[in-house]
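Chain by chain, the residues run as shown.
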Amino acid sequence: MNLECENCGEEFETYPAANRTTCSKECQHEYFREREKRCCDMCGDSFEVKPSEEKKFCGRSCASKAKRERIDLQCENCGGEFTVLRSESDQKFCSVECNWDSQRDDEIERFDECQHPDCEKELNQQRKYCSRDCASRSRNPDPIEVRECDVCGETFEVKEYKKNVTCSKSCSNKLSTDYIEKACKNCNSTIKTTESENKKFCDRNCWRQYQRSTTEWHTGLVKENPGKILPRVEKECKQCGTVFCPIGSNRRVRKTCSRECERAIYRKNMIGEENPNWGGGKNEYDCMVCGKTFESYPSEVSSLRSCGSEECKKRLRSRVSKSIHEDLDFKGENHPRWKGGSVNYYGKNWDEQRQKALERDNYECVICGRGETDLGVEPSVHHIKPIREYECLEEVNKLSNLVVLCATHHCKVEGWNLVPSNSDVELNRLEA
C-alpha cells in the first residue's frame, strides 16, 4: 500500500502489518526529535518541548512556585472575586452555593403543594409528593377504608386488604396487654387470655382430656357423642405380670412395663441355641503344657492351647528363652503348625520328567516369559500339588503337575493352582 511520510511528505510503499508512518529511519529520527516552542506560564521564558507533551512550565522551580502562588478569579454566578492556587485556575465559582445556583434552571417546574389529592402539605421543591406514602398511594391507588380504633375510639384510614384494628403501635401494645376472661372447653373454668393468644384450655392436662373425649384414642376417628373420657388400654407385662397402661407412639406394640423387663426378655431369648450366632457351646481341649482337659468356647481357643492357669500361660507365651519350647518339644510333628515337612527325593523319573517340562514350556517362565538368557540360570520346575500329598512318587512327576517358573515367581506361587498347557496357563489362587 502507498502512504505519505509524516516527516518529509513523500510517498512510500509498505505492508499494512508493518505499521510504518515514515519513509526511512532518518525521517523517523527527525520526526521523533521534532520540538515546538512554548512560553512558560510562570516566568514567561520560552522553552522547547515535544508536541505530544503537555508541559506548561520551563522547569521544576517554576512548577513548584506555581503550586504555591495564588491568583484572583471572578465568580461566574455572583461576580465576586476569590483567590485560588494557580493549579486550580479552572475553578469558576467562589462557593458550593454559587455552583448549585448556577445549575438551577428557572424554567424547571416547582411545586408548592403535595400532588396527592388527600394531602395538603406545602412544598417548595421539584418533587411532586411530600413523602413516600403519598407517592406510592398516588401510583398504586388502593381503596382506603375508614375504621375505628378498638382501644382509643379514634378513626383512622387504612387500606381494605389490611387487618389493622388499632390506629398506632401504642394502642396495639395496650390491646395485647388487655386480658379477656374465657371458659375452658374441658372443665368450664375461667381463664385469662388476650386476643392475640386466644387460649381455649386452662392447661395441657385439660387439652389431653378433651382430645381423648372427642376422638377414639387408638384409631383417631372423631366420636359421634363427645363428652365421655375414654380409659386407657390396660396390658399385662410378659415378664413380671404387672398391669400397666402404655402411652406414646409405641403403645400398640409395647409388651413390658419397663426397660428392665424388656432387657430380661431379650436375655432369655438370646441365650443358648436360640441365639442366631450359636456355635455349639463349649468343647473339651487338652492343655499343651500340663496335659489337663478343660472346657472352652472355640472362639476363645488359639492354636497354642493352655488350661488357663498362670504357670501354663507364662510357659506358653514367654519369648525370653528357647528352653520352654525345648521342654515342650515343639519340633517336627509335635508343633501345632506342622504341615508335613520338606522332601528331598522326587523319585526315579524326576530328571526325565523335568527335562520334558522344560522343553514343553520352551525353557521360559510361564508367568513373566523370561528364559535362561534373561535370568542367567536355568529356570526351575515347580510341583503344582506338593509331594507330601502323594503316596506314590510316580504320580507326583506327571507333566500335568509340573510347570516352569523363574526363581522370583517360584517363591510366590506356593499355594496356587497352576494348570499348564502348550499355549496358555491359567492361574487360579487357592484360599489360604
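Predicted model, so just to flag it, every value in this text is computed and none were measured.

Rules of the game
Chains are numbered independently. Their residues run from 1 in the order of the written sequence. pLDDT decides what is reported in this predicted model: residues at 70 or higher carry local features, side-chain atom pairs at 80 or more are listed and counted, and totals for whole chains, interfaces and linings draw on all residues regardless. Note: side-chain values were computed over all heavy atoms of the structure, leaving out hydrogens and water. Only DSSP runs of H or I covering at least 4 residues are called helices, and only runs of E covering at least 2 are called strands; the numbering of each starts at the N terminus. Residue contacts are defined here by distance: any two heavy atoms, one from each residue, within 4.5 Å place the two residues in contact. Note on areas: Shrake-Rupley with a 1.4 Å probe; residue coverage comes only from the protein chains shown. Any carboxyl oxygen of Asp or Glu within 4 Å of a side-chain nitrogen of Lys or Arg constitutes a salt bridge here. The classification of residues rests on relative accessible area computed with a 1.4 Å probe and restricted to protein chains. Under 20% of the type maximum is buried, over 50% is exposed, and intermediate values are partly exposed. We define the nonpolar core as a collection of buried residues of types Ala, Val, Leu, Ile, Met, Phe, Trp, Tyr and Cys that are connected through side-chain atoms lying within 4.5 Å of one another. Nonpolar side chains (Val, Leu, Ile, Met, Phe, Trp, Tyr) are joined into patches within 5 Å and like charges within 9 Å, using only residues with over 30% relative accessible area and no salt bridge. Counting rule applied: Lys, Arg positive; Asp, Glu negative; His and chain ends not counted. In plain terms, the charge of a residue is placed at NZ if it is Lys, CZ if Arg, CG if Asp and CD if Glu. Within a predicted model, pLDDT stands for the predictor's per-residue confidence, ranging from 0 to 100. Under the pairing criterion, centres of Phe, Tyr and Trp rings, with the six-membered ring standing for Trp, must be within 6.5 Å; the plane angle then separates stacked pairs below 30 degrees from edge-to-face pairs above 60, leaving the rest tilted. Pairs of N or O atoms within 3.5 Å make up the polar contacts considered here, provided that, within protein, one atom can donate a hydrogen while the other can accept it, and that residues adjacent in sequence are counted only when both atoms are side-chain atoms.

Draft legend 1. Expanded view of the overall build of the protein chain. Along the protein chain, the regular secondary structure elements total 13 helices and 20 strands. Contacts in the protein chain between residues far apart in sequence, at least 24 positions, make up 20% of those at least 6 positions apart. Summed over all atoms, the accessible surface of the protein chain reaches about 33600 Å², with 44% contributed by carbon and sulfur.

Draft legend 2. Broad picture of the pattern of salt bridges. Taken as a whole, this structure holds 5 salt bridges when the rule is applied. With a shortest N-O distance of 3.4 Å, R147 and E145 are connected by a salt bridge. Judged by its relative accessible area of 18%, R147 falls in the buried class. Salt-bridge contacts for R360 lead to D361; the nearest nitrogen and oxygen are separated by 3.3 Å. In this structure, R360 and D361 share a single accessibility class: buried.

Draft legend 3. Structural context of the nonpolar core. Within the largest apolar cluster, 7 residues are counted, these being I71, L73, C75, F82, V84, F93 and C98. Where this core is concerned, the elements lending two or more residues are strand 5 (70-74) and strand 6 (81-85). Ignoring sequence-local partners within four residues, the contact set of F82 consists of I71, D72, L73, Q74, C75, Q91, K92, F93 and C94.

Draft legend 4. Representation of a negative patch on the surface within the structure. Residues D112, E113, E120 and E122 make up a contiguous surface patch of negative charge. Topologically, D112 is positioned in strand 7 (residues 111-113).

Draft legend 5. Main features of the confidence of the model for the protein chain. On average, residues of the protein chain carry a pLDDT of 76, and 78% of them reach 70 or more. Across the protein chain, the element-wise mean pLDDT spans from 38 in strand 20 (residues 426-429) up to 90 in strand 18 (residues 402-405). Within the model, the stretch residues 216-222 combines pLDDT values under 50 with 14 contacts to residues more than four positions away or in other chains. Below a pLDDT of 50 lies the segment residues 319-325, which in the model reaches 5 contacts outside its immediate sequence neighbourhood of four places, other chains included.

Draft legend 6. Seen up close, the packing of aromatic side chains. Summed over the entire model, instances satisfying the criterion amount to 1 aromatic pair. Considering the side-chain rings of Y285 and F294, the 6.1 Å spacing of their centres and the 35° angle between planes classify their relative orientation as tilted. By relative accessible area, Y285 is classed as buried at 18%.

Draft legend 7. Structural detail: the side chain of H383. Tracing the backbone through its elements, the reader meets H383 in strand 17 (residues 380-383). Of the polar contacts made by the side chain of H383, one reaches the side chain of N397; its length is 3.1 Å. Excluding anything up to four places from it in sequence, H383 contacts Y346, W350, V396, N397, N401 and L402.

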